[in-house]
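Residues per chain, in single letters:
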Amino acid sequence: MLSTVSPAGVILRFIHAFIYANQLILNYAYYVFKFLTVPLDKTPRLCQDAKTGRSDPSIRKLPLHVGILIAEDEVSLSDVARIVVWCFASGISHISIYDRKGFCKLHEEALKSHMSNHLRKMYQSSSNKAVVEVHIQKNGLSSNLNNGHSSQNSLEVRLFSADDGRGSIVQAAKSIATAVAQHRVSAEHVIPQYLDSILQEKVGLPDPDLLLKFGEVQCLMGCLPWQIRLSEIISHATHHNLDYKSFYSLIQQFNNTKQRFGR
Amino acid sequence: MDGSSSTWIKTEETRGKKSWYHSVCEWILRSGPVPHHVAFIMDGNRRFAQKNSMDRAQGHLIGFDKLTETLQWCLDLGITEVTVYAFSIENFKRSKDEVDGLMELARQKFSRLMQEKDLIEKHGVCFRVLGKIDLLPLDIQEIVAEAMDMTKHNTKAILNICFAYTSREEMCTAVREVAEGVEMGLIKESDISESVLEQCLYTNRSPHPELLVRTSGEVRLSDFLLWQTSYSVLSFMPVLWPDFSIWHLYAGVVHYQRHHQSVKAARDEHEKEAERKQLESDFAALKSKAGEKQEFSESPVASQLKEYAEERRTRVNRFLEHVVSKRDQYIQKLLSQKRKGLPSTNVS
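Residues numbered from 1 in each chain as written. Chains lettered and ligands numbered in written order. Predicted model: local features only at pLDDT ≥ 70, side-chain atom pairs only at ≥ 80, totals over all residues. Heavy atoms only, no water.

*Asks:* Sorry if this is basic, but what is going on with the overall build of chain A here?
*Replies:* Along its length, chain A carries eight helices and six strands. Here chain A, with 263 residues, has 51% of them falling under the buried criterion. A sequence separation of at least 24 residues applies to 70% of the contacts in chain A between residues at least 6 apart. Only carbon and sulfur atoms are counted for the fraction: they give 57% of the accessible area of chain A, which is about 13100 Å². (Helix = DSSP H or I, 4+ residues; strand = E, 2+ residues; numbered from the N terminus. Buried < 20%, exposed > 50% of the residue type's maximum accessible area, 1.4 Å probe, protein only. Contact = heavy atoms within 4.5 Å. Areas by Shrake-Rupley, 256 points an atom, 1.4 Å probe, with all protein chains shown as cover.)

Spelled out as structure tokens, the structure:
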């Protein structure tokens, strides 16, 4: 109806553009507001909370595995590292990071040193003087260290990018096809539990129960389609300059969710 | 619930005239990009029933009516394909009463579909049931087969109903399909790619949905179209499905319009990357082929590559035809069973 340019069409387009622009303006106003209200001094309060985070009585349910999904064009390694350290300090044992283009994978070393820095700063003022070692794994190769499990003095992080999404299912399909063709596995044997175990070997972690998505855009950007089946997707506008209060409120949101598993 | 409100197709008489402000809203929305394919997780029927102190079955029935209403709203907006999550394989875990009730609802609604044949033909609606349908009671399988067969040529509006479906089961079926293809020698292991797997999914006839709407405020995908919505706009709405209104749909479309550009950019990039990978894999396959012969042939690499890609495409197409025909055969088997089983009930 609007393919020909009629006066009515122009007016409608104008209204549409107006609504659209309004949303954008509101969004930016929100950003400015957020920027102005971000506390300048974050570190001291973080230590307080990080130490007590685990025993916080209002948090009854912590995620076992948190996936940090960066759906923004620009990735700030320092901010990502800080989020990871907060997760670690609050007692979350499995942490992985996904960014579509693999920026974190590419800057693995820098990310690692950022994490060490944040850890040092955090534990400086605390009574716990234990040295925390940081381990990073790419391409989902199983670790011989702690099987991807962070313990009190080792922090383990897995990095994923778009290749690990549908791509890993294609890889699994190839290896399964070879096995079936060589009669090592029968085709009837290929059921979801079997495929899951093959993919599990690669990722080596339980499926993430919480996906923290950072970025305005409401999209998973190719993030691990097999693994995120039951993940709670909790979004925040950006990871840049995320303060502890916002992080804490995301964890609290997760705390308030209920899973029914189809029942 | 009176009978007239429970039909699949809403005619002018049963749904009343569209109000002018809806028309204006539609016009405005249609001047921006509108998704062609929207997926819905219709969550909240049971909570709605509990809130309004009615029994669960009643909640599901109201949920069904909301679906038919929503379909009409979608069509008015220019959304020509809708995929809904009606019943998950996990839902078989629910109480026997509830599962039986849902199956009875399906039985009634699909039978009803056959009665509305003329109207469906007139509107050109195509019904597809996606999922592991052999888990369903046989009589429902037969009705489903009949409904799919009857409407398979329609293209104006497409409704995919995911029934006895989970995305993991679907992906696994695709993997098994390609594994069998390799075993039978139809394709090579190196032919397996994202696009081949994708075309073995139950959704092989549909483009990926551009927008996914989940009602009831839950913020997870619950094993629904995980592969297909990797690059879709997600919209989680805090409304229970029976309370879903046309304004929620409008809000969903506005939400889509806000995000679609950046999502499309990511999707396009992903597709380009997939093309590059395909080229790489063709090249690797060509190299290993040449390695076996211990010599490179004389013709330039580019033309060899083109030739190889052509061969691969032929293999893949033959394989995909095999997959489709296998599924069609299952449907045909059900149809002939039904014809044999009972003297055709008079449907008029």
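*Asks:* Sorry, what's going on with the interface of chain B and chain A here?
*Replies:* You'll often see interface size given as the accessible area lost when the parts meet. Taken together, the contacts link 59 residues of chain B with 55 residues of chain A. For the pair chain B and chain A, the two sides together bury roughly 5200 Å², of which 61% comes from carbon and sulfur. It is Arg168, Arg220 and Arg258 of chain B in chain B that bury the most area against chain A; as a group they hold 15% of the surface buried on that side. The tally of links from chain B across to chain A stands at nine salt bridges. Taking the shortest distance from any N to any O, the salt bridge between Glu232 of chain A and Arg220 of chain B comes out at 2.5 Å. Summed over the shared surface of chain B and chain A, the result is 14 residue pairs in polar contact (both at pLDDT 80 or more). Looking at the side of chain B that touches chain A, the elements that each hand over two or more residues are helix 2 (20-30), helix 3 (45-51), helix 8 (167-183), helix 9 (194-198), strand 6 (233-236) and helix 10 (246-293) of chain B. Among the elements that make up the side of chain B that touches chain A, the one with the highest residue count is helix 10 of chain B (12 residues). Looking at side-chain class alone, the side of chain B that touches chain A contains 21 nonpolar, 15 polar and 23 charged residues. (Buried area = accessible area lost by both parts, 1.4 Å probe. Salt bridge = Lys/Arg side-chain N within 4 Å of Asp/Glu carboxyl O. Polar contact = N/O pair within 3.5 Å; in protein donor to acceptor, adjacent residues only side chain to side chain. Nonpolar A, V, L, I, M, F, W, Y, C, P; charged D, E, K, R; others polar.)

*Asks:* Explanation requested: a nonpolar patch on the surface in the structure shown.
*Replies:* All names here are of chain B. Among the surface-exposed residues, Trp20, Tyr21, Val24 and Trp247 lie close enough to one another that they form a single nonpolar patch of about 470 Å² accessible area. Within the secondary structure layout, Trp20 lies in helix 2. The exposure class of Trp20 is exposed, given its relative accessible area of 66%. (Patch = residues over 30% accessible without salt bridge, like charges linked within 9 Å, V, L, I, M, F, W, Y side chains within 5 Å.)

*Asks:* Help me understand the pairing of strand 3 (residues 125-130) of chain B, please; the structure alone is not making it clear to me.
*Replies:* Regular strands have side chains that alternate between both faces of the sheet. Residue and element names in this part refer to chain B. Burial of strand 3 is extensive: six of the six residues sit out of reach of the surface. Here strand 3 shows two buried faces, one formed by Val125, Phe127 and Val129 and the other by Cys126, Arg128 and Leu130. Pairing of strand 3 with strand 4 (residues 157-165), which is carried by six bridges, proceeds in the parallel orientation. Residue pairing across strands places Cys126 opposite Ile158, the latter belonging to strand 4. (Pairing = 2+ DSSP bridges.)

*Asks:* Mind showing me how you'd approach the sheet that holds strand 6 (residues 232-236) of chain A here?
*Replies:* Strands in a sheet are paired, the pairing made by backbone hydrogen bonds, and the direction either parallel or antiparallel. Residue and element names in this part refer to chain A. Read across the open sheet, the six strands follow the order 3-4-2-1-5-6; overall the sheet is parallel. A strand with exactly one partner marks an edge of an open sheet, and here the two such strands are strand 3 (133-137) and strand 6. For this sheet the average axis-to-axis angle between neighbouring strands, irrespective of direction, equals 20°. As judged from the five bridges shared by strand 3 and strand 4 (residues 154-160), these two strands associate in the parallel manner. Counted as the bridge partner of Ile136 is Val157 from strand 4. Against the sheet, helix 3 (residues 77-89) touches strand 1 (65-70), strand 2 (94-99), strand 4 and strand 5 (210-214), its axis set at about 160° to strand 2. (Axes fitted to C-alpha atoms, helices over the stretch in contact; angles between N-to-C directions.)

*Asks:* It is not clear to me how the packing of aromatic side chains should be interpreted in this structure. Could you clarify?
*Replies:* Aromatic ring pairs: the centre-centre distance and the angle between the two ring planes describe each pair. Considering all chains together, one arrives at 16 aromatic pairs over all chains under this definition. The interplanar angle of 80° and the centroid separation of 5.9 Å between the aromatic rings of Phe40 of chain B and Phe244 of chain B together place this pair among those described as edge-to-face. A residue pair is termed long-range when its members are at least 10 positions apart, and Phe40 of chain B in strand 1 (residues 37-41) and Phe244 of chain B in the loop between strand 6 and helix 10 qualify at 204 residues. Like Phe40 of chain B, the residue Phe244 of chain B is buried in the burial classification. The ring of Phe254 of chain A carries Lys61 of chain A above its face, with NZ or CZ at 4.8 Å from the centroid. (Phe/Tyr/Trp six-rings, centres within 6.5 Å; stacked < 30°, edge-to-face > 60°. Lys NZ or Arg CZ within 6 Å of the ring centre and 35° of its normal.)

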